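# A look at the structure
Listed below are the residues making up each chain.
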Amino acid sequence: MRLWRAAWTAAVIIPVAFLAVFFLYPTGAMLVRGIWQDGIDPTGFTEVLTDRRTWLVTGQTLYQAALGTVGAIILGVPGAYVLYRCSFRGQRAARALATIPFVLPTVVVGVAFRALLGRGGPLESLGMDQTVTAVILALVFFNYAVVVRTVGGLWQTLDPRAVQAARTLGASRSRAFLTVTVPQLAPAIASAGAIVFLFCSTSYGLVRTLGSPGYGTLETEIWRQSTSMLDNRTAAILSLLQIVIVILTLLVSEALSRRTAGRLQLRSRHVTPLARADAAPLVMTAATMVTLIAFPLIALVTRSFRVGDGWGTDNYRLLGTSGTGFAGGATVFEAIGNSLRIGLIATLIALAIGVPLALVLSRRVHGPLASGQSILAGAILLPLGVSAVTVGFGFSIALDSPPLDLRSSPLLVPIAQAVVALPLVVRSLTPTLASIAPGRREAAATLGASPWRVLATIDGPFLLRGLGIAIGFAYATSLGEFGATSFLARPDSQTLPVIIVRLLGRPGENNYGMAMAGAVVLALLAASIMAAAEAARKDPR
Amino acid sequence: MKKTAVGLVSLALLAACGSDAEEEAVTILTHDSFVMSEEQIAAFEEESGYTLQTIAPGDGGVLVNQLILNRDNPQADGVYGVDTFIARTVIEEALLAPYTSPALPESAESLVVADSLTPIDQGDVCINIDTAWFEEEGMTPPEGLEDLRAPEYAALTAVIDPATSSPGYAFLVATATEFGDDWQDYWADLLDGGARVASGWSDAYYSDFSGADGDGPYPLVLSYSSSPAAAPGTDYLPDTCVRQVEYAGVVEGAANPEGAQAFIDFMLSDAFQSSIPENMYMYPVTDQELPAEWQEVAELSDTPIMVDPQRVDRGELLSAFADLR
């Protein structure tokens, strides 16, 4: 029993210590460095917070994120219905297609939209390249799957009898949908919306590849202030502003998902074959899948085979070089190797920290423990919402002296990526673990099973079921991580996304084509890792 | 006893190896366009006895901020990639130790800044022109910066956002140098006249410029004097060029300042200097022969705008520019 207690304590302390040392401390050090000079300097806050530009940038960040979120919801809800509530031939393939964007690294999403809307792209004539519209479209593309999966998962389990009753009482289809179904789905929609909003308001790789039209976002402004204006004070204050927005979003998300959990009572899966009455959502979903999802992907692949005025595989053959003209650094092949190796280490770290954490977060506890639990659950999401610039520079100033001089350690980049992957690992494990009815553990204990045996026989199968997905998320996230990695990259740790962005910014005729080919390779890697993870998933019986 | 003695000796040996290895390593912070071949690295390590480690966290701005942030505990011994337009911050913040390389030829001595920044390579940021377009239209090409502010030329010009791109910023400094206090009026004319401000060099050169691939709408674009070497039918306007010098220096408080000095000397060697055009698209600071295609269309300008690195106030210029738009 003593060992059991010690194990639980360790399962709390190790993840908390990890986050404290590798996230809170570096981020905090960077923020303090920016705003603390012999005490807090209030003039800095006044200057930044009264600057018109600050609010223009904040406004644009919120506006872009809000439109991205609304877009993802408007398109995603019909998608959730068609892909999860209905059944039809080819549904699995359609679901897979809808999920691809979310597992793609943001850099690839950026490159895909440039390939579609930019120079030589099929929609070049619309003049949408480097506009706010293009950024919002890319945000919707990237987050569509979040809404479809979150809402679809709930929709599948809704009892159809409530709608049938309303229909019997004379309500039209749309009226029944609005008055019965929408309120039931609302918590899931709101919860997905909060997560999408979070991704939208901090997406660094996407804005770096798509450009930052208009006034730019908080993320680009922090980057500009710190690397171009060399003004770390303003950057720190803007980072704090960003953190405030993120915490507010997280609070909303947490409150809403708790409501979801309360209402969500697992009923048996309920799906119906597609009917004629489903034409509207079906058409809308088909149109979304073709124009929004498939088209940019096809444009990306097509562009990667374009060579001058003709076609060929030259861009792929050049991946063995470090570029043409303004070349330099690792070759793309080396970068792929680096990415896979670093991603593997990052995944192992994220699992070592994330699995115990998920077990801790999924146990039902009461009283002060419960509030500690929900604070921890919120805190691990923070890395998704803090500026990559702050984290990147924070690593280099905070982890710089023994015993933690990691600046020249090969573990620096994997650790940074593990911090970013951790929230997704935990988020993908906890719902499964939390769905175990507490009675099952109690029953086993009553029958004389030791706590270890309960863990192995009751939690174990659920853990294994979630683990495949968690590994997939962790690996795909670290393959795609761009922000922190780009600030820490050394020649032996240049990853594929870093090389792609550098190729895009370099003169030399083939570098653009190579960036496209590199993005296709990165997309394939990320998507096949996720696919393998899904396939390895086993449902416990 | 014997065991203890053996243990002590091996410990001492280990310690000696440890500290030796530390002394022999030299860490150089570079910008992310830095290129050095495997052979060159081997040659440097052979000649100097140091093992070379490079770190490339980003562009010039990222480099300088890294130096500022790590000032009390520098990670790098030397830095390469600080340019004319950010040199003032490096001097003001006293980030570098004095060092002037004996390998620097007399012809380049005038480029040294404050005895701590050694010039390694240079280039010109210039307006490039699609000569064929102007011939077809029968239009006289512009010559200097003054011509560009006329509406008929401004409407044909693609420049680059100074806040996000180093050539864009170089051009901003050029206009501030040429027009002094009136530079904002100059930019107002450019922007009112319809000049395009692209977000990055590749967007401007490949998407906006009509010369490189022949499909952009702007026949005038901000780029480098070396660009025409790779794009037939284009040229640069020598009177619009602003000279950009890239420097190396020894980091103040470095663990291995001698190693950094040795690396700076190496970068001035003939072998390294002659590889610069091919590897980094810049021009050597010593007298080396340029590649054949550069000699035809891409020599450095004879009449560049020269900027005093110590007079460029980066923060002030960029904030004033942000207010303009």
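Residues numbered from 1 in each chain as written. Chains lettered and ligands numbered in written order. Predicted model: local features only at pLDDT ≥ 70, side-chain atom pairs only at ≥ 80, totals over all residues. Heavy atoms only, no water.

## Things to note about the pairing of strand β8 (residues 220-224) of chain B
Residues and elements named next belong to chain B. The buried count for β8 comes to five of five residues, which makes it a mostly enclosed element. Two strands pair when backbone bridges link them, and strand β5 (residues 118-130) and β8 are joined in this way by five bridges, in the antiparallel orientation. Paired with I127 across the bridge in β8 is L222. By the bridge criterion, two bridges tie strand β6 (residues 157-160) to β8 in an arrangement that is parallel. Following the sheet pairing, A158 is matched in β8 by V221. (Buried < 20%, exposed > 50% of the residue type's maximum accessible area, 1.4 Å probe, protein only. Helix = DSSP H or I, 4+ residues; strand = E, 2+ residues; numbered from the N terminus. Pairing = 2+ DSSP bridges.)

## Details of the interface of chain B and chain A
The partner chain A presents 39 residues to the 42 residues of chain B that form the contact. Roughly 3,500 Å² of surface becomes buried between chain B and chain A when both sides are summed, with 49% attributable to carbon and sulfur atoms. Of all residues in chain B, N65(B), L69(B) and Y206(B) give up the largest surface area on contact with chain A, accounting jointly for 17% of the area buried on that side. Connecting chain B to chain A are two salt bridges. A salt bridge links D32(B) to R502(A); the nearest nitrogen and oxygen atoms lie 3.4 Å apart. (Contact = heavy atoms within 4.5 Å. Buried area = accessible area lost by both parts, 1.4 Å probe. Salt bridge = Lys/Arg side-chain N within 4 Å of Asp/Glu carboxyl O.)

## A word on the state of the cysteines
Residue and element names in this part refer to chain B. All told, the structure shown has one disulfide over all chains when counted by the stated rule. Sulfur-sulfur distance for the disulfide between C126 and C241 comes to 2.1 Å. Of note, the bridge from C126 to C241 carries an S-S torsion of about 110° and is right-handed in sense. In this pair, C126 is assigned in strand β5 and C241 in the loop between β9 (234-236) and β10 (242-251), connecting sequence segments 115 residues apart. (Disulfide = S-S within 2.5 Å.)

## Let's talk about the nonpolar core
Most often, soluble globular proteins have nonpolar side chains that are buried together. All names here are of chain A. Counting residues in hydrophobic clusters, the biggest one holds 168 residues, and the most contacted among them are F18 and F395. The dominant element in this core, judged by the number of residues it contributes, is helix α6 (residues 132-155), at 16 residues. Residue contacts for F18: discarding those within four places in its chain leaves F23, I349, I353, I415, A418, V419 and L422. (Core = buried A, V, L, I, M, F, W, Y, C linked by side-chain atoms within 4.5 Å.)

## Re the confidence of the model for chain B
Residue and element names in this part refer to chain B. Averaged over every residue, the pLDDT of chain B is 88; the share at 70 or more is 92%. Segment residues 1-22 is flagged for pLDDT under 50; beyond a separation of four residues in sequence, or across chains, it makes zero contacts in the model. For this predicted complex, the interface confidence score (ipTM) comes to 0.79, while the overall pTM stands at 0.85. (pLDDT = per-residue confidence, 0-100.)

## A look at the packing of helix α17 (residues 412-434) of chain A against helix α19 (residues 451-480) of chain A
Residue and element names in this part refer to chain A. Where α17 meets α19, the closest approach of the two axes is 8 Å, and the angle between their N-to-C directions is 150°. Viewed along their axes, α17 and α19 adopt a mutual orientation that is roughly antiparallel. Judged by the twist between their axes, the crossing of α17 over α19 is right-handed. Of the residues in α19, those in contact with Q417, V420, A421, L424, V425, S428, L429, T432 and L433 of α17 are D459, F462, L463, R465, G466, L467, I469, A470, F473, A474, T477 and S478. Here the residues of the contact of α17 with α19 sort into 13 nonpolar, six polar and two charged. (Axes fitted to C-alpha atoms, helices over the stretch in contact; angles between N-to-C directions. Parallel < 35°, antiparallel > 145°, perpendicular 65-115°, else oblique. Left-handed = near helix turned anticlockwise from the far one by under 90°. Nonpolar A, V, L, I, M, F, W, Y, C, P; charged D, E, K, R; others polar.)

## Here's the deal with the packing of helix α3 (residues 52-85) of chain A against helix α12 (residues 279-304) of chain A
All names here are of chain A. Two numbers describe how α3 lies on α12: the axes approach to 9 Å, and their chain directions differ by 115°. For the element pair α3 / α12, the angle class is roughly perpendicular. Taken as a pair, α3 and α12 cross one another with a handedness that is left-handed. Of the residues in α12, those touching α3 at I74, L75, P78, G79, Y81, V82 and L83 are P281, L282, M284, T285, T288, M289 and L292. When its residues are assigned to classes, the contact of α3 with α12 shows eleven nonpolar, three polar and no charged.

## Topic: the pattern of salt bridges
Residue and element names in this part refer to chain A. In this structure the tally under the stated criterion is 15 salt bridges over all chains. With a closest N to O distance of 3.2 Å, R224 and E221 form a salt bridge. A residue pair is termed a helical-turn pair when its members lie 3 or 4 positions apart in one helix, as R224 and E221 do in helix α10 (residues 218-227) at three residues. We note that R224, like E221, is buried.

## A look at unusual backbone geometry
All names here are of chain B. Phi angles above zero are rare outside glycine, and A94 is one such case at about 50°. Examined against the element boundaries, A94 turns out to sit in the loop between α4 (87-92) and β4 (96-97). Phi is positive for Y281, which is not a glycine, with a value near 60°. Of the residues examined, Y281 reaches a relative accessible area of 19% and is grouped as buried.

## Some points on empty space enclosed by the protein
All names here are of chain A. Across all of its chains, the model carries seven cavities of 30 Å³ or more by this definition. Its volume calculated, the largest cavity comes out at about 600 Å³. Lining the largest cavity are 30 residues; nearest its centre among them are T106, F199, L384, V420 and T477. Taken together, the elements giving at least two residues each to the lining of the largest cavity come down to α4 (91-103), α8 (173-202), α9 (204-210), α16 (388-398), α17, α19 and α20 (483-488). With four residues, α19 is the single largest residue contributor to the lining of the largest cavity. Among the residues forming the lining of the largest cavity, the class breakdown is 21 nonpolar, seven polar and two charged. There is about 90 Å³ of room inside the second largest cavity. If you go around the second largest cavity, you meet 13 residues; those closest to its centre are Q64, C200, S203, V207 and T217. If you list the elements that add at least two residues to the lining of the second largest cavity, you get α3, α6, α8 and α9. (1 Å grid on protein atoms, 1.4 Å probe; cavity = no way out; pocket = protein on both sides within 12 Å on 5 of 7 lines; lining within 4 Å. Points joined across faces, edges and corners; volume = space filled by probe spheres on them.)

## Digging into α16(A)
Quick reminder: α-helices carry 3.6 residues per turn. Residues three or four places apart thus point the same way. All names here are of chain A. Counting buried positions along α16 gives eleven out of eleven residues, so the element sits mostly inside the fold. For α16, every residue scored as buried is listed here: A388, V389, T390, V391, G392, F393, G394, F395, S396, I397 and A398. Where α16 starts, the residue carrying a side-chain oxygen 3.1 Å from the main-chain nitrogen of V389 turns out to be S387. (Polar contact = N/O pair within 3.5 Å; in protein donor to acceptor, adjacent residues only side chain to side chain.)

## With respect to helix α8 (residues 166-179) of chain B
Residues and elements named next belong to chain B. Spanning 14 residues, α8 covers 20 Å between terminal C-alpha atoms, matching the ideal 20 Å at 1.5 Å per step. Extensive coverage of α8 is indicated by the burial of eleven of its 14 residues. Among the residues of α8, P167, G168, Y169, A170, F171, L172, V173, A174, T175, A176 and F179 are the ones counted as buried. Between the side-chain oxygen at the start of α8 and the backbone nitrogen of G168 there is a gap of 3.0 Å, and the oxygen is on S165. Just beyond α8, the residue with positive phi is G180, at close to 55°. (Expected span 1.5 Å × (residues − 1).)

## Comments concerning a nonpolar patch on the surface
Residues and elements named next belong to chain A. Together, V244, I247, L248 and L251 line one region of the surface with nonpolar side chains, adding up to about 370 Å² of accessible area. Topologically, L248 is positioned in helix α11 (residues 232-263). The exposed category is assigned to L248, whose relative accessible area is 52%. (Patch = residues over 30% accessible without salt bridge, like charges linked within 9 Å, V, L, I, M, F, W, Y side chains within 5 Å. Areas by Shrake-Rupley, 256 points an atom, 1.4 Å probe, with all protein chains shown as cover.)

## A look at a negative patch on the surface
Residues E143(B), D147(B), E152(B) and D239(B) make up a contiguous surface patch of negative charge. Mapped onto the elements, E152(B) comes out in helix α7 (residues 151-154). (Lys, Arg positive; Asp, Glu negative; His and termini not counted. Charge placed at Lys NZ, Arg CZ, Asp CG, Glu CD.)

## A look at the packing of aromatic side chains
Scanning the model with the defined rule gives 29 aromatic pairs over all chains in all. With a centroid separation of 5.7 Å and an interplanar angle of 40°, the aromatic rings of F102(A) and F142(A) are classed as tilted. Of the two residues, F102(A) sits in helix α4 while F142(A) sits in helix α6, which places them 40 residues apart along the sequence. Taken together, a centroid distance of 5.0 Å and an interplanar angle of 15° make the contact between W201(B) and Y205(B) stacked. Of the two residues, W201(B) and Y205(B) both sit in helix α10 (residues 201-208), four residues apart, roughly one turn of that helix. Note on accessibility: W201(B) and Y205(B) belong to one class, buried. An aromatic cluster is defined as three or more aromatic residues linked by ring pairs; in this entry it consists of W201(B), Y205(B), Y206(B), F209(B) and Y224(B). One cation-aromatic arrangement involves R149(B) over F179(B); the distance from NZ or CZ to the ring centre is 5.4 Å. (Phe/Tyr/Trp six-rings, centres within 6.5 Å; stacked < 30°, edge-to-face > 60°. Lys NZ or Arg CZ within 6 Å of the ring centre and 35° of its normal.)

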